[in-house]
Each structure stands twice: as structure tokens, then as C-alpha cells.
Amino acid sequence: MKYFYVLCGLLAASASSSASPFILSLELWNECNAGCLFCRNDKGEIHDINPQGKMANGISKGKMSVDMACDIISQFKDDALIAVLYTNGEPLLYKELPAVIQHATKNKMLSMISTNGLLFTPENAKAILESGIDFIKIQLGGFTQDIYSIQIRYGQVETLKNNIRMLAELKKQGHHHTLILIDWITYNYNRHQIPLIEKFCQELGLMLSFRAGNPKGGLEQSEPKQSPESLPLKMSCDWLWQGMQINYNGDILQCCEGVVWSDLKPYTTMTAGKTQLKEVWNGPQAQAMRRTMATQGRGAIPICQGCERKGVCFKW
């Protein structure tokens, strides 16, 4: 029923949405161990996608408290469908991840992470599975080290593949319901290895998806753009009516891109135990943003002007 009200809001170009979002996107920690070209420079600084950004050292880094993460989930436990527990960072670096997942499970909310998979150990993999996680997406862009390391600065692909095998076996042994999906990031340079990853996933009984790779960071001359289509500047974005993005510091942002866009003014900054998130969700700032989107399209909002996505999807 809640999704019905979301659709009604979209169709009517309403400034209000349902009583709460049905997707919660939490940036638990934006540090990472892989150093992907499209995400960070060789110093580990996060790329700022704001073309007018003036931050000397890129996007600031930080970690969300467990209290804040659990408070967010608790406030939306009766309405939201899923807690997406990553945005720009590597969730396995967040040692309290099982506790946050367990809180979502206890409150009957789905949970998911996207990970480079390099930090899985038998201990943390078991803890995450036993916490009740519903969906684990593991990024992979090469089946051999020479291909894998074109995009990933740090990490050994054989370690990653062994970790995936271990995770699949632990899931089987524990009869866990978790869906494990290998997210193959497709470039011209790794297309010839698609049969290898297809066989790998088939042998382990894993799901497999394909998406276009991002050439940013050094591959712009050899790889095509992620989307060859024209920017949908006049198209309204569903996210404003469906999802809430909260950064590690409590900033409530318009969308997931906000965590890598410097100088973006949040709707407000959350304080755990005090901020009433449902009031922010349909508050004046959120309504003003939806009204602009519905009447003028993406072209009127700087952070939305270069966005190629249509609908609500997980880009990582």
C-alpha cells in the first residue's frame, strides 16, 4: 500500500510522498581498501563529482555511529522495505556491520551490502550471514590478476575468488536465506572473461549480473561512457519520492550522489535520538526539491544535471 502512495505522488507530481521512504541508504563509513580508479585517486582521496567543487583533499571521510544507524532503522521499521548499508565505502571495514544488520533483521527490514569481497574472513562472513542479511553483492571486474588489476589498485583476485567460495560454502552449511550476487563490471578489456565468470557462478550456485563500467580515473580514452544515451534532463527522478540517503555524519541528502558532491546543503543534519526523520522526509526542504524536480526536471538541480540513471537502482 505504501508503494501505491509513492506512485500516486510521482504521477501527480506531488511535493509530498508516502509517510516514509521505502529505501534507506546509509553511508556507514566511506573508507575503502580497493582503490578503484573510478572512485579514488592514487592517494585514496574520493573523487568529487561536483564540477565546481573546491575541496582541496576531495570528499571528507568519516564513520557513522552504531547508535545513529540503529536509530534510523528503528524510526522506519514499520514502513521501509530495505536498508542499503553502503554508499561509497567498503562495508566490511565497518566492524559493527553485523550488529546493524541484526537490528534490521530484528525489525523485519531487509538489508543488503555491496562489497569488493577482499576482506571476507570465515569469522566475519559467518557473523554477517548469521545476522540475517538478505542480499550480498560482490563486485568483480576480472577473472585473472592482470585483468582485475586494471581497475582495482589493491587486492588479489585469487584471494577474492577463494573468499567467494568460502562465503558460498558457509551459506550452504548454515542454510542461510541470503542471496549472493556477483556484480560483473563490464569493460572492453574484460569481455573475453565473461564465460569464465559465468562458469564460476554456475558451479557455486550464485547469481550473476552485468553492468557497464565507469571509465573515470584513467580509462576514458580506451573505454566508452557508461551510458551512450543523452542525459534525461527533463525526466523526473524517482529517488526523491522513494529513498532517503544519510551520510556518515548524519547529513540527510537528496540522493546517493550527495555523498560524493562537495558543498551540498543537506535537508538537515541528524542527531541520533533527537531528529524525527519522518518530519524531514516530507519536510519543507524535501518538498521544495520534489516540486522543482516535478515541474522543471533534472536540469534545474545542479547535482541532477549529469545523472544518467532512470528509476531507482543501485549503481555500485
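Shown above is the structure to which this text applies.
Heads up: these notes are all about the structure in this document. Worth saying up front: this structure is predicted, and the values here are computed from it rather than measured.

**Overview of helix H4 (residues 122–130)**
Thought 1: If you check which residues of H4 are buried, you get Asn124, Ala125, Ile128 and Leu129. Buried positions in H4, seen along its axis, are confined to an arc of 135° and lie on one side of it. Residues of H4 that are exposed and point over 90 degrees away from its buried face: Glu123 and Glu130.

**Here we look at the environment of Lys95**
Thought 1: Following the sequence through the fold, Lys95 ends up in the loop between strand E2 (82–84) and helix H3 (97–106).
Thought 2: Sequence separation between Lys95 and Asn124 is 29 residues, and the spatial gap between their C-alpha atoms is 8.7 Å.

**Re the environment of Ser230**
Thought 1: As for its placement among the helices and strands, Ser230 is situated in the loop between strand E6 (207–212) and helix H8 (239–242).
Thought 2: Separated by 125 residues in sequence, Ser230 and Thr105 place their C-alpha atoms 40 Å apart.

**With respect to the side chain of Thr178**
Thought 1: Relative to the elements of secondary structure, Thr178 occurs in the loop between helix H6 (157–174) and strand E5 (179–186).
Thought 2: Thr178 sits in the buried class, given a relative accessible area of 0%.
Thought 3: Of note is the side chain of Thr178, whose polar atom sits 2.7 Å from the backbone oxygen of Ile133.
Thought 4: When near neighbours in sequence (up to four residues on either side) are disregarded, Thr178 contacts Leu129, Ile133, Asp134, Phe135, Ile136 and Lys171.

**Details of the packing of aromatic side chains**
Thought 1: For the structure shown, the criterion picks out 2 aromatic pairs.
Thought 2: Relative to Phe200, the ring of Phe143 lies with its centre 5.6 Å away and its plane at 75°, an arrangement referred to as edge-to-face. Placement of the pair is Phe143 in the loop between strand E4 (135–140) and helix H5 (145–151) and Phe200 in helix H7 (residues 194–204), with a sequence separation of 57 residues.
Thought 3: Assessed through its relative accessible area of 14%, Phe143 is described here as buried.
Thought 4: Judged by relative accessible area, Phe200 falls into the buried class, the value being 4%.
Thought 5: Centroid distance Tyr187 to Tyr189: 4.9 Å. Interplanar angle 10°. Geometry classified as stacked.

**A word on the pattern of salt bridges**
Thought 1: Summed over the entire model, instances satisfying the criterion amount to 6 salt bridges.
Thought 2: One salt bridge connects Glu31 with Arg40, and the closest N-O pair in it is separated by 3.6 Å.
Thought 3: The class for Arg40 is buried, based on a relative accessible area of 2%.
Thought 4: The shortest N-O distance in the salt bridge between Lys63 and Glu96 comes to 3.4 Å. You can see Lys63 sitting in the loop between strand E1 (23–26) and helix H2 (66–75) and its partner Glu96 sitting in the loop between E2 and H3, a full 33 residues away along the chain.
Thought 5: Among the residues examined, Lys63 registers a relative accessible area of 40% and is labelled partly exposed.
Thought 6: Linked through salt bridges whose partners overlap, the residues forming this network are Glu31, Arg40 and Lys61.

Calculation criteria
Residues numbered from 1 in each chain as written. Predicted model: local features only at pLDDT ≥ 70, side-chain atom pairs only at ≥ 80, totals over all residues. Heavy atoms only, no water. Buried < 20%, exposed > 50% of the residue type's maximum accessible area, 1.4 Å probe, protein only. Helix = DSSP H or I, 4+ residues; strand = E, 2+ residues; numbered from the N terminus. Arc of directions from axis to C-beta. Polar contact = N/O pair within 3.5 Å; in protein donor to acceptor, adjacent residues only side chain to side chain. Contact = heavy atoms within 4.5 Å. Phe/Tyr/Trp six-rings, centres within 6.5 Å; stacked < 30°, edge-to-face > 60°. Salt bridge = Lys/Arg side-chain N within 4 Å of Asp/Glu carboxyl O.

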